[in-house]
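Secondary and tertiary structure notes
Residue-level listing of the chains:
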Amino acid sequence: ERFQRIFSGSKEGICLLDDNGTVRAWNPALERLSGYRESDVIGSVWSEKVLIRNQALRRLEGMELIEPGSQELELVTREGPARYVSVQSGPVQTRDETGWVVLVRDVSAEHELEEAKSDFLSTISHELRTPLTTIKGSLQVIARQDVENLVREQMIEILRRGADRLERLVMNLLSVSQMEMGDVPVALEELGLFALVKRRARSLLVDHSRVELKEPDEDTYVRADKDHMGQIIDNLLDNARKFGGPEGKVTIEVSRRDGFGHLSVTDEGPGIAALDQERVFERFVRLGDTLTRETQGAGVGLFIT
């Protein structure tokens, strides 16, 4: 009875196999994870019903699931999507027969986070290198004695933008670190939301050709941290600029609703697939393939926002 309570109530998948890989028991957690009910697999060799692949994407058969130590595998669910699972096994002996107990834990979230971190590290070097290259090139031009004043002023403006971009990137990374540690300092003060949005938009979207800033009859005053609020606004405006394209219209509106200040930033970009809409606020997540995506970013802006 004690074993039955553990077996049925466990949050980890558990199955019992005999020495041929035939399923003798299949707990509810494994049903939820795999999509296969106990009645679907009981009495059958598990690999005849369930597809599990190793890191080389080779299908495991029969007793290949029984390996010493823990291994990470890909389990293809009955509905189709694959889940990453950690599998551990050990022998079990009864009076009449020997067999194996197999523990299956869903590690998809950890796997996706590791992939996102790897993606982040591969893009952050590019994010740093691009403005640094621009700054270095501008300094080389300014250092020349024959440079006209107009060109010098243009290079100084390019330097300012490159420095601003580097500062935003560093501040975003610092914010992520503070959030992970649960140590985000917040200094609340009364702010004119529209005035702050207008100031940030003029700075960040200065070269964007189509910007509509809908001004309310009177400003909406909110209690917020000025620096964090500016960071949030910058992230939203920067996304609209990047994903809406150079000719896309960016519409910014501030309003008051139900006792709260509301900020809406709309662009004319391609939009976000329904399945990805929940993921855009995850840390280090950038949608699309790392090598083919056209926009820049470290994948932390909306997480911070």
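Now for a description of the structure that goes with this document. (Residues numbered from 1 in each chain as written. Predicted model: local features only at pLDDT ≥ 70, side-chain atom pairs only at ≥ 80, totals over all residues. Heavy atoms only, no water.)

Side note on the overall build of the protein chain
Definition in use: Numbering of helices and strands runs from the N terminus, with a helix taken as a DSSP run of H or I at least four residues long and a strand as a DSSP run of E at least two residues long. Only protein chains enter the accessibility calculation, which uses a 1.4 Å probe; a residue is then buried when its area is under 20% of its type maximum, exposed when over 50%, and partly exposed in between. Contacts are residue-level and defined by heavy atoms, with any inter-residue pair within 4.5 Å sufficient. Accessibility throughout is a Shrake-Rupley quantity obtained with a 1.4 Å probe, and a residue counts as covered only by protein chains that appear here. Neither His nor the chain ends is counted toward charge; the positive residues are Lys and Arg and the negative residues Asp and Glu. A single reference atom marks each charge: NZ on Lys, CZ on Arg, CG on Asp, CD on Glu.
If you tally the helices and strands in the protein chain, you get nine helices and 11 strands. The principal-axis extent of the C-alpha atoms belonging to the protein chain is close to 90 × 55 × 35 Å. For the protein chain, the residues scored as buried account for 36% of the 305 residues in total. When contacts within the protein chain are restricted to residue pairs at least 6 apart in sequence, long-range pairs at least 24 apart make up 53% of them. Of the roughly 18,900 Å² of accessible surface on the protein chain, 51% is carried by carbon and sulfur atoms. Of the charged side chains in the protein chain, 40 are positive and 53 negative, and the gap between their average positions amounts to 2 Å.

Here we look at helix α8 (residues 226–244)
Selection criterion: An expected span of 1.5 Å times one less than the residue number is assigned to each helix. Polar contacts, as used here, are pairs of N or O atoms within 3.5 Å; protein pairs need one atom able to donate a hydrogen and one able to accept it. Residues neighboring in sequence count only if both atoms are side-chain atoms.
For α8, with 19 residues, the first-to-last C-alpha span of 26 Å sits near the 27 Å given by 1.5 Å per residue. Within α8, burial applies to Met-229, Gly-230, Gln-231, Ile-233, Asp-234, Asn-235, Leu-237, Asp-238, Ala-240 and Gly-244. Backbone nitrogen of Asp-227 and a side-chain oxygen of the N-cap are separated by 3.0 Å at the start of α8; the cap is Asp-225. Looking at the residues trailing α8, positive phi occurs at Gly-245, about 85 degrees.

Observations concerning the side chain of Ser-44
Assignment of secondary structure puts Ser-44 in the loop between α3 (38–41) and α4 (46–49). Ser-44 gets classed as buried once you look at its relative accessible area, which sits at 16%.

With respect to the pattern of salt bridges
Opposite charge on two side chains permits pairing when their charged atoms draw close. What counts is decided by this rule: By definition, a salt bridge exists where a carboxyl oxygen of Asp or Glu is found within 4 Å of a side-chain nitrogen of Lys or Arg.
Evaluated as defined, the whole model comprises 19 salt bridges. For Arg-78, the salt bridge is made with Asp-40, and the minimal N-O distance between the two is 2.5 Å. Here Asp-40 lies in helix α3 and Arg-78 lies in the loop between β4 (71–76) and β5 (82–93), a separation of 38 residues in the sequence. Note on Arg-78: relative accessible area 43%, which makes it partly exposed. The exposure class assigned to Asp-40 is buried, which follows from its relative accessible area of 17%. Residue Arg-144 is joined to Asp-146 by a salt bridge in which the shortest nitrogen-to-oxygen separation is 3.4 Å. Given a relative accessible area of 47%, Arg-144 falls into the partly exposed group. The exposure class assigned to Asp-146 is exposed, which follows from its relative accessible area of 57%.

A word on the packing of aromatic side chains
Where two aromatic rings form a pair, the distance of their centres and the angle of their planes describe that pair. The criterion, for reference: Within 6.5 Å between ring centres, the rings of Phe, Tyr and Trp (the latter by its six-membered ring) count as paired, and their orientation is classed by plane angle as stacked under 30 degrees, edge-to-face over 60, tilted in between.
A complete count under the given rule lists one aromatic pair for this structure. Plain terms: the ring middles of Phe-3 and Phe-7 are 5.6 Å apart, the flat faces sit at 25 degrees to each other, and that makes the pair stacked. You can see Phe-3 and its partner Phe-7 sitting in helix α1 (residues 2–9), four residues apart, about one turn around the helix. According to the relative accessible area criterion, Phe-7 is buried, its value standing at 6%.

Regarding the sheet that holds β5
As a reminder, the rule being used: Strands qualify as paired when DSSP identifies two bridges or more between them. In this analysis, axes come from line fits to C-alpha atoms, helices being fitted only over the stretch in contact, and the angle between any two N-to-C directions falls in the range 0 to 180 degrees.
Strand order in the open sheet formed by six strands is β2-β1-β6-β5-β4-β3, with antiparallel pairing between adjacent strands. Each having just a single partner strand, β2 (23–26) and β3 (51–53) make up the two edges of the open sheet. Ignoring which end each strand starts from, the neighbouring axes of this sheet average 35 degrees apart. As paired strands, β4 and β5 are joined by six bridges and run antiparallel to one another. Bridge pairing links Leu-73 to Val-85 in β5. Against the sheet, helix α5 (residues 108–143) touches β4, β5 and β6 (98–106), its axis set at about 130 degrees to β5.

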